[in-house]
Amino acid sequence: MDLRIAGILKDSVVDGPGLRLVIFTQGCFHNCAGCHNVETHDPMAGKTMAIDELMKIINKTKLIRGVTFSGGEPFLQAAPLAYLAKKITARGLNLVTYSGYAFEQLLAMSVANPAIRELLYATDILVDGPFMLDKRDLRLAFRGSSNQRLVDVGQSLHTGRVVLWSDSRELCSNG
């Protein structure tokens, strides 16, 4: 199974808690004004990589606490990312996924698309919502605008309402 990516960053501390490997997916239709990843918008750009090759890179990257799926819009490639997410969480790493969609939108979309459900359920923290230039705030952790939320996916699914992630709680994999 292949994934179309824009690139990989092996040592990020700004794309989720702890040292992380970030996979930037290719393709996004949100076209947020002020997006800092505009090169990821074209769904035919970037390069394809086999999931097994990505796992080899993840396995060779030492000291990481987790992996982040950014973009682009990761949920446009939900099936291969869900497959990769299962391998990542089996290794004991946590998963942060960025999306221009709100958590509630993804839940609704997941009814018709099981891959979206699988990726969402494998995600520990969802950074949701589009980047909004007029709400840009550089003081926020792991996100660019104040409308975006850090959703604790496991707790949100358990309680049936959006629960925001707090770095005062230890991050565990949804497994």
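Numbering of residues starts from 1 in each chain and follows the order in which that chain's sequence is written. Predicted model: local features are reported for residues with pLDDT of at least 70 only, side-chain atom pairs are reported and counted for 80 or more only, and whole-chain, interface and lining totals are derived from all residues. Each side-chain value is derived from all of the structure's non-hydrogen atoms; neither hydrogens nor water enter the calculation.

Chemist: How should the nonpolar core be read in this particular structure?
Modeler: Proteins that are soluble and globular tend to have nonpolar side chains buried together. Grouped together as the largest cluster of nonpolar side chains are 31 residues, with contacts concentrated most on Ile-23, Ile-58, Val-67, Phe-69, Leu-84 and Leu-119. Put simply, the parts of the chain that give this core at least two residues each are strand E1 (2–12), strand E2 (20–25), helix H1 (51–60), strand E4 (66–70), helix H2 (78–90), helix H3 (103–112) and helix H4 (114–122). When sequence neighbours within four positions are dropped, the list of residues in contact with Leu-84 reads Ile-23, Ile-51, Leu-54, Met-55, Ile-58 and Phe-69. Throughout this description, the term nonpolar core refers to a set of buried Ala, Val, Leu, Ile, Met, Phe, Trp, Tyr and Cys residues connected via side-chain atoms within 4.5 Å. For every residue, the accessible area obtained with a 1.4 Å probe (protein chains only) is divided by the maximum for its type, and the residue is called buried under 20%, exposed over 50%, and partly exposed between those limits. Segments assigned H or I by DSSP are reported as helices when at least four residues long, segments assigned E as strands when at least two residues long, and all are numbered from the N terminus. Here, two residues are considered to be in contact whenever any of their heavy atoms come within 4.5 Å of each other.

Chemist: Would you mind going over the packing of aromatic side chains with me for this structure?
Modeler: By convention here, two paired aromatic rings are described through the distance between centres and the angle between planes. The aromatic pairing rule takes the rings of Phe, Tyr and Trp, using the six-membered ring of Trp, and pairs them if the centres are within 6.5 Å, calling planes under 30 degrees apart stacked, those over 60 edge-to-face and the rest tilted. According to the stated counting rule, one finds one aromatic pair in the structure shown. Pairing Phe-142 with Trp-165 gives two aromatic rings, centres 6.2 Å apart and planes at 50°, and the pair type is tilted. Here Trp-165 lies in the segment after helix H5 (153–159) and Phe-142 lies in the loop between strand E6 (125–128) and strand E7 (149–152), a separation of 23 residues in the sequence.

Chemist: Whenever I open this one, the pairing of E2 confuses me. Can you help?
Modeler: Regular strands place side chains that alternate from one sheet face to the opposite one. Counting buried positions over the six residues of E2 gives six, a clear majority of the element. Burial along E2 is two-sided: the residues Arg-20, Val-22 and Phe-24 and Leu-21, Ile-23 and Thr-25 are all buried. Following DSSP output, two strands are said to pair if at least two bridges run between them. One ladder, built from five bridges, connects E1 with E2; its direction is antiparallel. Counterpart to Gly-7 in the pairing with E2 is Phe-24. Pairing of E2 with E4 involves five bridges; the strand directions are parallel. Among the inter-strand pairings, Val-22 is bridged to a residue of E4, identified as Thr-68.

Chemist: So what exactly am I meant to see when it comes to the packing of H1 against H2 here?
Modeler: Between two packed helices, the angle of one axis relative to the other and the distance separating the axes together describe the packing. Following both chains from N to C, one finds H1 and H2 inclined at 35°, their axes separated by 10 Å at the closest point. You can see that H1 and H2 cross each other, and the crossing is right-handed. Where H1 approaches H2, its residues Ile-51, Asp-52, Leu-54, Met-55 and Ile-58 are matched on the opposing element by Pro-80, Tyr-83, Leu-84, Lys-87 and Ile-88. Taken together, the residues of the contact of H1 with H2 sort by class into eight nonpolar, no polar and two charged. Orientation is described by axes fitted as lines to C-alpha atoms, over the contacting stretch for helices, and by angles from 0 to 180 degrees between their N-to-C directions. If you view the pair so one helix is near and one far, a crossing is left-handed when the near helix is turned anticlockwise from the far one by less than a right angle, and right-handed when it is turned clockwise. Only Asp, Glu, Lys and Arg are considered charged in this grouping, and only Ala, Val, Leu, Ile, Met, Phe, Trp, Tyr, Cys and Pro are considered nonpolar; every other residue, Gly among them, is considered polar.

Chemist: Just checking my understanding: could you explain the pattern of salt bridges for this structure?
Modeler: Here, a salt bridge means any Lys or Arg side-chain nitrogen found within 4 Å of an Asp or Glu carboxyl oxygen. If you walk through the whole model with that rule in mind, you get five salt bridges. Here Arg-149 and Asp-128 are joined by a salt bridge, their closest N and O atoms 2.6 Å apart. Remark: Asp-128 occurs in strand E6 and Arg-149 occurs in strand E7; sequence separation between them is 21 residues. The class of Asp-128 is buried, set by a relative accessible area of 1%.

Chemist: Just checking my understanding: could you explain the sheet that holds E1 for this structure?
Modeler: Strand pairing in a sheet relies on backbone hydrogen bonds, with the paired strands running either antiparallel or parallel. With respect to topology, seven strands assemble into an open sheet ordered E3-E1-E2-E4-E5-E6-E7, the strand pairing being mixed. Both edges of this open sheet fall to strand E3 (47–50) and E7, since each of them pairs with a single strand only. Pairwise comparison of adjacent strand axes, ignoring direction, gives a mean angle of 30° for this sheet. Two elements, strand E5 (residues 94–98) and E6, share three bridges in a ladder whose sense is parallel.

Chemist: Would you take a moment to explain the environment of Asp-2 for this structure?
Modeler: The topology assignment puts Asp-2 in strand E1. The exposure class assigned to Asp-2 is partly exposed, which follows from its relative accessible area of 47%. For the pair Asp-2 and Gln-77, spaced 75 residues apart in sequence, the C-alpha separation works out to 9.7 Å. Apart from the residues within four sequence positions on either side, Asp-2 is in contact with Met-49, Ala-50 and Pro-80.

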